[in-house]
Amino acid sequence: MANFSTNEFRPGLKVMLDGDPCSILENEFVKPGKGQAFNRVRMRNLKTGRVWERTFKSGESLEGADVMDRSMEYLYTDGEFWYFMEPDTFEQHQADAKAVGDSYLWLKEQDGCEVTLYNGTPLSVAPANFVELEIVETDPGLKGDTAQGGSKPAKLSTGAVVKVPLFVTTGEVIRVDTRTGEYQNRVSK
Amino acid sequence: MSDWRPGAALAQLRQRAQLLAQIRAFFAARGVLEVETPLLCSRGITDPAIEPLLVERGESLTHAPRFLQTSPEYAMKRLLAAGSGPIYQICKAFRDGEAGRRHNPEFTLLEWYRPGMDHHALMAEVAALVCSCLGERPWQAFTYRELFQRCLQLDPFTADIATLQRTARQLTDPGTLAGGRDLWLDLLLTHAVEPWLAGQGLCFVYDYPASQAALARLAQRDGEVVGERFELYIDGVEVANGYHELDDVVEQRARFEADNRQRAAAGQPERPLDEALLAALAAGLPAVSGVALGLDRLLLLASGETDIRRLLAFSWERC
């Protein structure tokens, strides 16, 4: 891979740091009037998810990381691996539990998602921001209670548990924001 | 074809023109002479933290490449030694590898010299100029030492390097950074002191560690040797750097040579010394203070913009 100097660090650039692939989030060039110039770089370690600020001397360089974000379709899981397919090439990738992390809670078969490949292997999986999932278990709804008010837990087909309004019932499909795990609305079937 | 349009709005171009007119009126009223010196110089600067851009080809370059100036300082000092009296210059300067929200590799400097003034008198004049451009406002001045004591509870002159490193690690992940005291002091300055200065309006920092004196005279202050150098910050943005100028040719040569040793140790190319400047110092520089002020940054503050690239007709990326 090519090397990238601090003045080429842009948000989204993937580089290798201490053996791990990292994504650049922000890069600020700072320099006292005279003296050493630095780059204050906010980065995310793509293996651990850790976000932190590292300071480099300006002009230092890092090796690029072979990391690519790909839109894929989630196929199924066999319990050990999760399988994804690239829609244009039909190429399939298997991701282990470490790569999938908590995202399995929002993966529904045939839904689109974003898979990050590192050296060709899934490193992480990001579900769509909004997914529609069926409620498989929740306390009976209260008729007519459509105003604001209390909430109750509801278990979804993927195993995720979200808080829903009291009027929502088992068997209904709801829309959830996967970034916050918050209920958005009911979806008519 | 790429985007041909300017990065700055017409209002910004007008504001720049107005600023230039105000500055020229300010100096005309004070009897300071406007001068021009060459942008292409046969000698580069030794400062290890500044890299010039080189012009390498052309029939006029009979002996060697020429450097695009990183500041007009040496040429202006030759004018001072020749008896010019107070002078100022508005010019382009160039520094390789400096680009960001507040940096462009090609930028506009206002540099001026005041024979007979020490750095405190010049700070007052800098404040007057800035207020004439940005509107009246209070200003304050802190020593470098006071600022570190206030922001970091440490004495930058006496703290050992382990203390500096430990303090730096509380502010950022320094990774593999390695260097001497000045590197760690620079890190603490950029990561802790400058953010504090962001809340302080118009603020001078003066009397730097001797190792950071650059081209300033040294003096004894409270048991430490300091460089009589100052920096102006406005709302945390570094705008100007000034010196009570070093006029001792022996000391000046020694500092250039020390810079070159540091460059060699860091694997940077050494720079031939500017013998014309040294000869001018030997002939006699009047007691003088001088300052270089970044005009693009002053415009940044006058316009309320946050990114210098929206003030330049064509920033580096657009040329």
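Residues numbered from 1 in each chain as written. Chains lettered and ligands numbered in written order. Predicted model: local features only at pLDDT ≥ 70, side-chain atom pairs only at ≥ 80, totals over all residues.

Examining the interface of chain B and chain A
Piece 1. With 22 residues of chain B at the interface, the matching set in chain A holds 21 residues.
Piece 2. Elements with a contribution of two residues or more to the side of chain B that touches chain A: helix H6 (181-197) and strand S11 (237-244) of chain B.
Piece 3. Here the element with the most residues in the side of chain B that touches chain A is H6(B); it accounts for six residues.
Piece 4. Of the residues assigned to the side of chain B that touches chain A, the class counts are eight nonpolar, eight polar and six charged. (Contact = placed C-beta atoms within 7 Å. Helix = DSSP H or I, 4+ residues; strand = E, 2+ residues; numbered from the N terminus. Nonpolar A, V, L, I, M, F, W, Y, C, P; charged D, E, K, R; others polar.)

Brief notes about the domain arrangement of chain A
Residue and element names in this part refer to chain A.
Piece 1. Partitioning chain A into domains gives domain 1 (3-63), domain 2 (67-127) and domain 3 (130-187).
Piece 2. Spacing between the C-alpha centres of domain 2 and domain 3 amounts to 25 Å.
Piece 3. Domain 2 puts seven residues into the contact, and the matching count from domain 3 is six residues.
Piece 4. In the side of domain 2 that touches domain 3, the residues fall into five nonpolar, no polar and two charged. (Domains from an automatic or database assignment.)

What to know about unusual backbone geometry
Piece 1. One non-glycine residue, A:Asp18, adopts positive backbone phi at about 50°.
Piece 2. Within the fold, A:Asp18 resides in the loop between strand S2 (14-17) and strand S3 (20-30).
Piece 3. A positive phi is found at B:Asp235, a non-glycine position, where the angle reads about 50°.

Comments concerning the confidence of the model for chain B
Detailed conclusions should not be drawn from predicted coordinates in areas where pLDDT is low.
Piece 1. This prediction gives chain B a mean pLDDT of 95; 100% of its residues lie at or above 70.
Piece 2. Predicted complex metrics record ipTM = 0.85 and pTM = 0.82. (pLDDT = per-residue confidence, 0-100.)

Considerations on helix H9 (residues 295-303) of chain B
Residue and element names in this part refer to chain B.
Piece 1. Along H9, seven of the nine residues are buried, which leaves the element largely enclosed by surrounding structure.
Piece 2. Tucked inside the fold, the buried residues of H9 contact helix H1 (10-29), strand S5 (87-94), strand S6 (106-115), helix H3 (119-134), S11 and strand S12 (288-294).
Piece 3. At the C-terminal side of H9, Gly304 shows a positive phi close to 80°. (Buried ≥ 20, exposed ≤ 12 C-beta atoms within 10 Å, placed from the backbone.)

Some thoughts on the sheet that holds strand S2 (residues 40-41) of chain B
Strand pairing in a sheet takes place through backbone hydrogen bonds and is either antiparallel or parallel in direction.
Piece 1. Pairing in this open sheet of three strands is antiparallel, and the strands run S2-S4-S3 (chain B) from one edge to the other. The two strands at the open ends of the sheet, each matched to only one other strand, are S2 and strand S3 (54-55) of chain B. (Pairing = 2+ DSSP bridges.)

Examining the sheet that holds strand S7 (residues 67-77) of chain A
Residue and element names in this part refer to chain A.
Piece 1. Read across the open sheet, the five strands follow the order S9-S8-S7-S10-S11; overall the sheet is antiparallel. Both outer strands of the open sheet, strand S9 (92-95) and strand S11 (121-127), are each paired with one neighbouring strand and no more. Along the sheet, successive strands turn relative to each other by an average axial angle of 45°, direction set aside.
Piece 2. Where S7 meets strand S8 (residues 82-85), four bridges bridge the pair, whose relative direction is antiparallel. Directly across from Tyr76, in S8, lies its bridge partner Tyr83. (Axes fitted to C-alpha atoms, helices over the stretch in contact; angles between N-to-C directions.)

So, the pairing of strand S10 (residues 112-118) of chain A
Residue and element names in this part refer to chain A.
Piece 1. Pairing analysis gives seven bridges linking S7 to S10, with the strands arranged antiparallel. From the neighbouring strand, Arg70 faces S10, where its bridge partner is Val115.
Piece 2. Judged from the six bridges that link them, S10 and S11 form a sheet pairing that is antiparallel. If you follow Thr116 over to S11, its bridge partner there is Ser124.
Piece 3. Linking two consecutive strands that pair antiparallel, namely S10 and S11, is a turn of two residues; a positive phi of about 50° is found at Asn119 within it.

Some remarks on the nonpolar core
Soluble globular proteins tend to pack their nonpolar side chains together in the buried interior.
Residues and elements named next belong to chain B.
Piece 1. Counting 107 residues, the largest nonpolar core has Val126, Leu188, Val205, Leu232 and Leu293 as its most contacted members.
Piece 2. Considering each element in turn, this core owes the most residues, eight residues, to H6.
Piece 3. Beyond its immediate chain neighbours, meaning those up to four positions away, Leu232 contacts Val126, Phe204, Val239 and Ala240. (Core = buried A, V, L, I, M, F, W, Y, C linked by C-beta atoms within 7 Å.)

Notes on H3(B)
Residues and elements named next belong to chain B.
Piece 1. For H3, spanning 16 residues, the distance from its first C-alpha to its last is 22 Å, which sits close to the expected 22 Å at 1.5 Å a residue.
Piece 2. Along H3, the residues that are buried comprise His119, Leu122, Met123, Val126, Leu129 and Val130. Down the axis of H3, the smallest arc covering the buried residues is 125°, so these residues share one side.
Piece 3. Backbone geometry just after H3 places Gly135 at a positive phi near 100°. (Expected span 1.5 Å × (residues − 1). Arc of directions from axis to C-beta.)

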